[in-house]
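Results of the structural survey
So the chains spell out like this:
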Amino acid sequence: MNIHEYQAKQLFEKFGVASPKGIVASTAAEAGAAAREIGQAGLVVKAQIHAGGRGKGTFKNGFKGGVHVINTPEEAEDIAGKMLGQTLVTHQTGPEGKLVSKVLIAKSVNIKKEYYFAILFDRVSSSHAIIASTEGGMNIEEVAEKTPEKITKEFINPAIGLQGYQCRKLAASLNLRGALMNQAVKLFTALWNLYLKSDCSLVEINPLSVTDDDQLVALDAKFNFDDNSLYRQKDVTAMRDTTEEDPREVAASEYGLNYIGLDGNIACLVNGAGLAMSTMDIIKFHGGEPANFLDVGGGATKEQVTAAFKIILGDPNVKGILVNIFGGIMDCNIIATGIIAAAQEVSLSIPLVVRLEGNNVEAGKATLASSGLKITSASDLTDAAQKIVAAVNG
Ligand code: GDP
Ligand code: MN
């Protein structure tokens, strides 16, 4: 799960991470009022979307930049009016862009130097890692590729947490000395506490900045949260903005289905993430393009299978469905009954290939065969993939 920058600022405040004061606005008038409340010249108006690269982005109406430094409430109103209700395209949104329905009005600072700072979960070392760089405000992947020596990595032992010496080492690598080092230790520690206590998998500050009056502040924030921990993160869950998410993925999460939309035309309905991955692979191997990843889990019910069919068919690109179920814990006959009920309920009219294997498979196949529905049965993965690709590609 992700959150908006204005929500990240609320977490910054709670955990004591230094960051300029900001107020969120949904209308141009609110933006003007927010600017008056902050009450100073030197403000920044920032489009709120779940994507980075806003500063260099362009709105579909031609207006340039999702981040503008301004001075007066009138300007705040004017700029907010040009952003709200418009679609912002950045290198992270894809060409379709993202609709801006909120803007952040924040105190602007004069930047002396920009840094990159991130805390993330690192699978390779099975620990948390901090990545810091003197090359702030830039695309970190590019820095990693062209000037890897400008990136410092520090691993955090999950049992003992971030240590003071590690903060000082990181600060020194950014050339933050004296009073700035003390600020850095405080800020890094506060961010670490935020990251750990909020079950984040990523906190990225780009840029972390030193201002002209030598204050170290977080000027941007990208957060990812571990979805498996949301049950114990009530405050974080309350920040979820489902309008920023793929509506099919939102619907899937309501039914406990793992769904990820893709660009192809062959929908897959599979039990188990590993089997789902290999199903997608074998579809591609035989010349098809998967329309989604969909794992209905080990104990799929008829309701889940029906919901899955509806989500799949909500995608106009879908020209055929491949159901690949391995009846381990599941009884194939129950799955077959669920598939038939779902196909009838949604009046399925596109090719459906079903491969069942495992527990009670003969009864399951017999149920499908006697349903009277146009379902193609497949004997194994290859047979299934070839049949659905042939049906879709004609
Ligand atoms: P992003 O483009 O989505 O990553 O959005 P950022 O929040 O990082 O803003 C883009 C750029 O705008 C930053 O890299 C900064 O250089 C600049 N910026 C952001 N906030 C301020 C501010 O308060 N004052 C000034 N002068 N520039 C800012
Ligand atoms: Mn940024």
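Residues numbered from 1 in each chain as written. Chains lettered and ligands numbered in written order. Predicted model: local features only at pLDDT ≥ 70, side-chain atom pairs only at ≥ 80, totals over all residues. Heavy atoms only, no water.

Considering the overall build of the protein
Spelled out, the test is: Here a strand is any run of E in DSSP of at least two residues, a helix any run of H or I of at least four, and the numbering for each starts at the N terminus. Whether two residues are in contact is decided by their heavy atoms: any pair within 4.5 Å suffices. Only the protein chains shown count as cover for residues, and all accessible areas are computed by the Shrake-Rupley method using a 1.4 Å probe. Here the positive residues are Lys and Arg and the negative ones are Asp and Glu; neither His nor the chain ends is included. Note that the charge is assigned to NZ on lysines, CZ on arginines, CG on aspartates and CD on glutamates.
In terms of helices and strands, the protein carries 13 helices and 19 strands. Partitioning the intrachain contacts of the protein with sequence separation of at least 6 by distance along the chain shows that 67% fall at a separation of at least 24. Looking at the protein as shown, the accessible area adds up to about 18,300 Å², and 52% of this sits on carbon and sulfur atoms. Counting 37 positive and 44 negative side-chain charges, the protein places the centres of these two groups 3 Å from one another.

A short note on the sheet that holds strand E6 (residues 98-99)
Stated precisely, the cut-off is as follows: At least two DSSP bridges between two strands are required for those strands to pair.
If you trace the three strands from one edge of the open sheet to the other, you get E3-E5-E6, paired in antiparallel fashion. In this open sheet, the two edge strands, each paired with only one partner strand, are strand E3 (58-59) and E6.

Structural notes on the sheet that holds strand E4 (residues 67-70)
How we decide: Angles run from 0 to 180 degrees between N-to-C directions of axes, and those axes are lines fitted to C-alpha atoms, restricted for helices to the stretch in contact.
Strand order in the open sheet formed by four strands is E1-E7-E2-E4, and the pairing between neighbours is antiparallel. The open sheet has two free edges, formed respectively by strand E1 (22-25) and E4, since each of these has just one partner strand. Direction aside, the axes of adjacent strands within the sheet are offset by 20° on average. Bridge analysis of strand E2 (residues 43-47) against E4 gives four bridges, and the strand direction is antiparallel. Across the sheet, Leu 43 pairs through a bridge with Ile 70, a residue of E4. Packed onto the sheet, helix H1 (residues 5-15) meets E1, E2 and strand E7 (103-107) and runs at close to 45° relative to E7. Contacts from helix H2 (residues 28-38) reach E1, E2 and E7, with the element oriented near 15° to E7.

Topic: the pairing of E2
Within a regular beta strand, the side chains point alternately toward one face of the sheet and then the other, so they alternate between its two faces. Filter applied, for reference: Burial here depends on accessible area, computed with a 1.4 Å probe over protein chains only, as a share of the maximum for the residue type. Under 20% is buried, over 50% is exposed, and the range in between is partly exposed.
Across the five residues of E2, five count as buried, placing the element largely inside the fold. Across the two faces of E2 the burial is the same, with Leu 43, Val 45 and Ala 47 and Val 44 and Lys 46 all buried. Sheet topology note: the E2/E7 ladder contains five bridges and is antiparallel. Pairing of Val 44 across the sheet is with Ala 106, part of E7.

Topic: the UniProt feature "binding site: Mg(2+)" (unreviewed entry) in the protein
For clarity, the threshold we go by: UniProt positions are given in the numbering used here, feature names are shortened, and annotations may be inferred rather than shown by experiment. In protein, a polar contact requires one atom able to donate a hydrogen and another able to accept it; more generally it is a pair of N or O atoms within 3.5 Å, and residues adjacent in sequence count only if both atoms are side-chain atoms.
According to UniProt, the "binding site: Mg(2+)" (unreviewed entry) feature falls on Asn 206 and Asp 220. Tracing the chain through its elements places Asn 206 in strand E11 (residues 200-211). Those residues within four positions of Asp 220 in sequence are excluded, and the remaining contacts are Glu 5, Phe 12, Lys 46, Arg 54, Glu 204, Ile 205, Asn 206 and Pro 207. Reaching out from Asp 220, the side chain makes a polar contact with the side chain of Arg 54 at a distance of 3.0 Å.

Quick notes on the coordination of the manganese ion (ligand 2)
Reference values for angles at a metal are 109.5 degrees in the four-donor tetrahedral case and 90 or 180 degrees in the six-donor octahedral case. Cut-off, in case you're wondering: Donor atoms: N, O and S within 2.8 Å of the metal, or within 3.2 Å for Na, K and Ca. Because water is excluded, sites can look incomplete.
Coordination of the manganese ion (ligand 2) by the protein is provided by Asn 206 (O) and Asp 220 (OD), with metal-donor distances spanning 2.1 to 2.2 Å. Of this pair, Asn 206 sits in strand E11 while Asp 220 sits in the loop between strand E12 (216-218) and strand E13 (222-225), and the two are 14 residues apart along the sequence. The class of Asn 206 is buried, set by a relative accessible area of 16%.

Some remarks on the UniProt feature "binding site: ATP" (unreviewed entry) in the protein
Here the UniProt feature "binding site: ATP" (unreviewed entry) sits at Lys 46, Gly 53, Arg 54, Gly 55, Val 109 and Glu 114. Take Gly 53: it is sitting in the loop between E2 and E3. Judged by relative accessible area, Gly 53 falls into the partly exposed class, the value being 28%. Contact partners of Gly 53, with chain neighbours within four places excluded, come to Thr 90 and His 91. If you trace the backbone, Arg 54 turns up in the loop between E2 and E3. When neighbours within four sequence positions are excluded, Arg 54 is seen to be in contact with Glu 5, Lys 46, Ala 47, Gln 48, Ile 49, Gly 65, Gly 66, Val 67, Leu 88, Thr 90 and Asp 220.

Focus: the pattern of salt bridges
To keep things clear, this is the line we draw: What makes a salt bridge here is a side-chain nitrogen of Lys or Arg within 4 Å of a carboxyl oxygen of Asp or Glu, nothing more.
Here the structure, examined in full by the defined rule, presents 17 salt bridges. As a salt-bridge pair, Lys 98 and Glu 244 come within 3.4 Å of each other at their nearest N and O atoms. Of this pair, Lys 98 sits in strand E6 while Glu 244 sits in the loop between helix H7 (234-237) and helix H8 (247-254); the two residues are 146 residues apart in sequence, bridging distant segments of the chain. The structure contains a network of salt bridges with shared partners spanning Glu 5, Lys 46, Arg 54 and Asp 220.

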